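# Coordinate inspection notes
The lines below spell out each chain.
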Amino acid sequence: LPMTARKGLSEELSLIVGSGHVVTATTAFDEYRKDMADYEAAPVAVVRPGTEGEIARILKVAARRRIPVVPRGAGTSLTGAVVLEGGIVIDMQRFNRTLKVDPVNWYVQVEAGVVLDDLNEGLREHGFFFPPDPASSFICTVGGAIAEGSGGMRCVRYGTMRDWVLALRVVLPNGRVATFGEPLAKNRVGYDLVHLMIGSEGTLGIVTEAHLKILPLPTVPIVRMLVTFDDWPSAGRAIQELRRRQITANLMEFMDLETVKAVNAAFQTTFEEAESTLLVDLEEVIVPSAEEVFRAHGARTFTRASDEEEAERFYSVRSHAYLAIKGLATGVQVEDVTVPIDRLAEYLGLVKEIGGRLGLRIPTLGHAGDGNVHPTILFDRADPAGRAAATAATQELCRYAIRVGGTVTGEHGVGVQKAGLMREQMEAHGATESLRLMKGIKRLFDPKGVMNPRKYVELA
Ligand SMILES: Cc1cc2nc3c(=O)[nH]c(=O)nc-3n(C[C@H](O)[C@H](O)[C@H](O)COP(=O)(O)OP(=O)(O)OC[C@H]3O[C@@H](n4cnc5c(N)ncnc54)[C@H](O)[C@@H]3O)c2cc1C
């Protein structure tokens, strides 16, 4: 955008939100260029509205000037969904209030910019919790998690964001405010637009407020443990056997040797460095039967957390693992394939084989209990051959998933990273008509193409 037009835009946005809420300082501005997998694109303006009315006015300015917009929570996306070249970033951080905790109807009414861990801290005082917990929950927002349809560590027990949203307020691309859904246990009125918004990746509208289901804090005693194995497929087979015996975990996370080493190095911890480690939460009564399964599959050690503090430390190895791994190389591609759980051992074997064959380091972690694993492919950004090998590895891992009835993304979403592979998956799984309908839905919501354009469904 030419300098004068940029200045004019900035002045117009200042009139809407106040000049204090238009970000111009270059360092602060630069933070909006990237997501957490280093996808990069330069915005023309960054603005922090405080009301729906202000968002509506910003969208009108954007439409008139033909400048696209992208809503932003904490920017922890890993797929390029949250960075937009030449666009206006609408930072939702001022929408940071929890409006109501309803202890009878079991919901919380919350604004989109609230950080998930802050939400849970507030709920704890009322004896409740909100189950979906992406490993980024210490910074990511309600709106970002809804727009990404995020999963997390407790998914294995409680499901993803998709299972916990009752109703939404959304500013549509034309500036009108819509409400979708009702904060009720049941509601059969019309098409399900709440679920259309979940996983919409900022391409259909801007979520300002949500009614989320909540649950009473668990009262049964839960045991947290680290279980180690000498190889990966044994861990995969142990998980399959737990499923076969109908032993349900509350948490079932996987980390390989390189991941634990990276965490130990980055955070000066001393966790045991085994070929493969599971972080597991189980109700106390089923611990003995689970231990029997782990032993039968060659588990080397079990370490039970002795108290709450230690349980938190175990958890933080996993939740901080990505940040530790990211420090190991200049380039990183985070994979997000989900395979049917009976294919997990085979998939983990494939990751290892591809790493060896293509000469890549691929620390691997993830939500093993869901069949959703994140091989994290490292490369040198300055080396075109390394980058090409990383892309080849991604494609091979995704095509394997497509072949065995899995998906190329379990929770991180599509953004720009997975658009081509999403199309491949949909075509291979007989969903070509469904993709056509999705493209039509995008046009219906956003005929002028202002909301986070040229990504996701549009790009597929
Ligand atoms: C260390 C780390 C661990 C992670 N672990 C997990 C995990 O376990 N599970 C998981 O699913 N993901 C995980 N992620 C990915 C990411 O954190 C989640 O997708 C998260 O929910 C995104 O939230 P955010 O507020 O950062 O959204 P952003 O990154 O800011 O935005 C993500 C998308 O949502 C849109 N958006 C943001 N706010 C709104 C709004 N109010 N209305 C409409 N659209 C909006 C954006 O336009 C963008 O398309 C992880 C990322 C990191 C860095």
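This structure is a prediction, so every number in the text was calculated from the model and none was measured.

### A short note on the overall build of the protein chain
The secondary structure content of the protein chain amounts to 17 helices and 18 strands. Here the protein chain has a C-alpha radius of gyration of 22 Å; the compact-globule value for 460 residues is 23 Å, and the two agree. In the protein chain, which comprises 460 residues, the share counted as buried stands at 55%. Across the protein chain, contacts joining residues at least 24 apart in sequence account for 72% of those joining residues at least 6 apart. For the protein chain, the accessible surface area stands at approximately 19,900 Å², while carbon and sulfur atoms represent 52% of it.

### Overview of empty space enclosed by the protein
Per the stated rule, a full pass over the model turns up 1 cavity of 30 Å³ or more. Roughly 810 Å³ of internal volume is contained in the largest cavity. As for the largest cavity, its lining consists of 49 residues, and the residues nearest its centre are Thr76, Ser77, Ser136, Cys140 and Glu148. Broken down by secondary-structure element, the contributors of at least two residues to the lining of the largest cavity are β3 (69-72), α5 (142-148), β10 (206-213), α11 (308-319), α12 (321-326), β17 (364-367) and β18 (372-379). Of the residues that constitute the lining of the largest cavity, the class distribution is 24 nonpolar, 20 polar and 5 charged.

### Describing a nonpolar patch on the surface
Taken together, Phe138, Ile139, Phe267 and Leu323 make up a surface patch of nonpolar side chains, about 300 Å² in accessible area. Inspection of the secondary structure puts Leu323 in helix α12. Taking the relative accessible area as the measure of exposure, Leu323 reaches 38% and is therefore partly exposed.

### Here we look at helix α3 (residues 52-65)
An ideal rise of 1.5 Å per residue puts 20 Å on 14 residues; α3 measures up with 20 Å between its terminal C-alpha atoms. Within α3 the residues assigned to the buried category are Glu52, Glu54, Ile55, Ala56, Ile58, Leu59, Val61 and Ala62. Arg66, located one to two residues past α3, shows a positive phi value of around 55°.

### Description of the layout of surface pockets
The method is simple in principle: a probe with the dimensions of a water molecule rolls over the atoms, and the space it marks as empty is what remains. Looking at the largest pocket, its volume works out to about 1,100 Å³. As for the largest pocket, its lining consists of 35 residues, and the residues nearest its centre are Arg124, Arg154, Arg224, Glu308 and Glu312. Within the residue set of the lining of the largest pocket, elements represented by two or more residues are α4 (116-124), β7 (128-129), β12 (222-229) and α11. When residues of the lining of the largest pocket are assigned to their parent elements, the largest contribution, 6 residues, is made by α11. The residue inventory of the lining of the largest pocket, partitioned by class, reads 19 nonpolar, 6 polar and 10 charged. Its boundaries defined by the atoms lining it, the second largest pocket holds a volume of some 710 Å³. If you go around the second largest pocket, you meet 33 residues; those closest to its centre are Arg162, Gly199, Met422, Met438 and Tyr456. Looking at the lining of the second largest pocket, the element that brings in the most residues is helix α16 (residues 432-445), giving 5 residues. Classifying every residue of the lining of the second largest pocket by side-chain character gives 12 nonpolar, 14 polar and 7 charged.

### Focus on the sheet that holds strand β4 (residues 88-91)
Read from one edge of the open sheet, 4 strands run β1-β2-β4-β3, paired in mixed fashion. Lying at the two open borders of the sheet, with one neighbouring strand each, are β1 (22-23) and β3. Bridge count between β3 and β4: 4 bridges; the pairing is parallel. Directly across from Val70, in β4, lies its bridge partner Val89.

### Section: the site of the ligand
The local shell around the ligand holds 37 residues, among which Pro71, Gly73, Thr76, Ser136 and Thr141 are the closest. Within the backbone of Glu201, one N or O atom sits 3.1 Å away from an oxygen atom of the ligand. His367 places a polar side-chain atom, nitrogen or oxygen, 3.3 Å from an oxygen atom of the ligand. Burial of the ligand by the surrounding chains reaches 98%, relative to a free accessible area of 980 Å². Of the pockets mapped on this structure, the ligand occupies the largest cavity. Where the shell around the ligand is concerned, the elements lending two or more residues are β3, α5 and β10. In terms of residue count, the dominant contributor to the shell around the ligand is α5 (5 residues). Across the shell around the ligand, the residue classes break down as 17 nonpolar, 16 polar and 4 charged.

### Describing the nonpolar core
The nonpolar side chains of soluble globular proteins are, as a tendency, buried together. Counting residues in hydrophobic clusters, the biggest one holds 57 residues, and the most contacted among them are Ile88, Leu119, Val142, Ile146, Leu168 and Leu212. Once residues within four sequence positions are removed from consideration, Leu168 is found in contact with Ile146, Ala178, Thr179, Phe180, Val194, Met197, Val207, Glu209 and Ala210. By size, the runner-up hydrophobic cluster in this structure holds 48 residues, among which are Ile341, Val351, Ala393 and Cys398.

### Considering the pairing of strand β6 (residues 107-111)
The buried fraction of β6 is high, at 5 of 5 residues. The alternating pattern of β6 places Tyr107, Gln109 and Glu111 and Val108 and Val110 on opposite faces, both of which are buried. The pairing of strand β5 (residues 98-102) with β6 spans 4 bridges and is antiparallel. The residue bridging Val101 from the neighbouring strand is Val108, located in β6. In this antiparallel pair of consecutive strands, β5 and β6, the connection spans 4 residues, and Trp106 shows a positive phi of 55°. In this sheet, β10 lies alongside β6 in antiparallel orientation, the contact comprising 5 bridges. What sits directly across from Val110, in β10, is Ala210.

Parameters and conventions
- Residues numbered from 1 in each chain as written.
- Predicted model: local features only at pLDDT ≥ 70, side-chain atom pairs only at ≥ 80, totals over all residues.
- Heavy atoms only, no water.
- Helix = DSSP H or I, 4+ residues; strand = E, 2+ residues; numbered from the N terminus.
- Rg over C-alpha atoms; globule rule 2.2 N^0.38 Å.
- Buried < 20%, exposed > 50% of the residue type's maximum accessible area, 1.4 Å probe, protein only.
- Contact = heavy atoms within 4.5 Å.
- Areas by Shrake-Rupley, 256 points an atom, 1.4 Å probe, with all protein chains shown as cover.
- 1 Å grid on protein atoms, 1.4 Å probe; cavity = no way out; pocket = protein on both sides within 12 Å on 5 of 7 lines; lining within 4 Å.
- Points joined across faces, edges and corners; volume = space filled by probe spheres on them.
- Nonpolar A, V, L, I, M, F, W, Y, C, P; charged D, E, K, R; others polar.
- Patch = residues over 30% accessible without salt bridge, like charges linked within 9 Å, V, L, I, M, F, W, Y side chains within 5 Å.
- Salt bridge = Lys/Arg side-chain N within 4 Å of Asp/Glu carboxyl O.
- Expected span 1.5 Å × (residues − 1).
- Pairing = 2+ DSSP bridges.
- Near = heavy atom within 4 Å.
- Polar contact = N/O pair within 3.5 Å; in protein donor to acceptor, adjacent residues only side chain to side chain.
- Sits in = over half its atoms within 2 Å of the grid points.
- Core = buried A, V, L, I, M, F, W, Y, C linked by side-chain atoms within 4.5 Å.

What is shown is where atoms sit, not what they do.
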